[in-house]
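Chain and residue survey
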Amino acid sequence: GLSEVYRVSSVPRTLVFGAPGGPPRLDVRSPDGSGFHFEEVRVGYRIGAAGARTFLRDSGLSADGAMRWVAAFARPILCEEFGRYTVQDVTDALDREVARSLAFERLSEALEPHGVELQNLTTGSLSFDRAYETVINQRKVAEQEAERLTEALVQKEREGEKRLVTVQAEMD
């Protein structure tokens, strides 16, 4: 017969990397050695109805069991998938979405055997290492200066052409 009954909550939960009281932010190293991080990464999950028995077997009665599984698998998978891209590439929204989608698939596959269903995965805004941000800012300043100098050169050329026309008219 039936010896024990356990109630397992399948209420959706969210683990937020980078939130106060949550796991630390997600720092990623790209292949060229530069780094970036997400201000926030949200991982939505729940204990699946079909996987409740497996979850209890693997996690016991702890309410934090699913969170521990998510935290244990999410960080390395996210770092690996996003870490395939250079800092320049990861600024492209399409590349970020490809990495997020692959991470979602891998994380789902890793959690499923433990009775945990991944529901969503979102990444917040990107931030870069200070050295890289300094280079980006210096490049913006240099591009603005080059644009200003180009406009000044064009203006001087126009003035020169006007003077030439004026001088030629006076000579005639």
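Every chain's residues receive numbers from 1 upward, in the order its sequence appears when written. Local features are withheld for residues below a pLDDT of 70 in this predicted model, meaning they are given only at 70 or higher, and side-chain atom pairs are given and counted only at 80 or more; totals for whole chains, interfaces and linings count all residues. Water and hydrogen atoms play no part in the side-chain values, which are based on all heavy atoms of the structure.

**Some points on the packing of helix H2 (residues 65-82) against helix H4 (residues 93-111)**
Packing of H2 against H4 brings their axes to within 9 Å, and their N-to-C directions diverge by 145°. When the axes of H2 and H4 are compared, the crossing they make is right-handed. On H4, the residues touching Trp-69, Val-70, Phe-73, Ala-74, Ile-77, Leu-78, Glu-80, Glu-81 and Phe-82 of H2 are Arg-96, Ala-99, Arg-100, Leu-102, Ala-103, Arg-106, Leu-107, Ala-110 and Leu-111. Here the nonpolar group is Ala, Val, Leu, Ile, Met, Phe, Trp, Tyr, Cys and Pro; Asp, Glu, Lys and Arg are the charged ones; every other residue, Gly included, is treated as polar. Looking at the contact of H2 with H4 residue by residue, the class counts come to 13 nonpolar, no polar and 5 charged. What counts as an axis is a line fitted to C-alpha atoms, over the stretch in contact for a helix, and the angles between N-to-C directions run from 0 to 180 degrees. Under the DSSP-based scheme used, a helix requires at least four consecutive residues in state H or I and a strand at least two consecutive residues in state E, with every element numbered from the N terminus. The crossing is said to be left-handed when, going from far helix to near helix, the turn is anticlockwise and less than a right angle, and right-handed when the turn is clockwise. Should any heavy atoms of two residues lie within 4.5 Å, those residues are considered in contact.

**Some thoughts on H4**
For an α-helix, the turn length of 3.6 residues means that residues three or four places apart are oriented alike. A helix is expected to span 1.5 Å multiplied by its residue count minus one. With 19 residues, H4 should reach 27 Å at 1.5 Å per residue; the first-to-last C-alpha distance of 26 Å fits that figure. Of all the residues in H4, the buried ones are Ala-99, Arg-100, Ala-103, Leu-107, Ala-110 and Leu-111. Around the axis of H4, the buried residues are gathered within 100° of arc, so they sit on the same side. Of the exposed residues in H4, the ones pointing more than 90 degrees away from its buried face are Leu-94 and Glu-109. Looking at the buried residues of H4, the elements they touch are strand S4 (41-47), H2 and strand S5 (116-123). The term polar contact refers here to a pair of N or O atoms within 3.5 Å; inside protein, the definition further demands a hydrogen-donor-capable atom paired with an acceptor-capable atom, and it admits residues adjacent in sequence only when both atoms are side-chain atoms. A side-chain oxygen of the first residue of H4 lies 2.9 Å from the backbone nitrogen of Leu-94; this N-cap is Asp-92. Remark: exposure states derive from per-residue accessible area (1.4 Å probe, protein chains only) relative to the maximum for the residue type, with buried under 20%, exposed over 50%, and partly exposed in between. Along the arc lie the directions from the helix axis toward the C-beta atoms.

**Some points on a nonpolar patch on the surface**
Residues forming no salt bridge and having over 30% relative accessible area are the ones grouped into patches, like charges within 9 Å of each other and nonpolar side chains (Val, Leu, Ile, Met, Phe, Trp, Tyr) within 5 Å. What sets the accessible areas is the Shrake-Rupley method with a 1.4 Å probe; for residues, cover comes only from the shown protein chains. Here, a salt bridge means any Lys or Arg side-chain nitrogen found within 4 Å of an Asp or Glu carboxyl oxygen. There is a patch of nonpolar side chains on the surface, built from Leu-94, Val-98 and Leu-102 and spanning about 260 Å² of accessible area. For Leu-94, the position within the fold is in helix H4.

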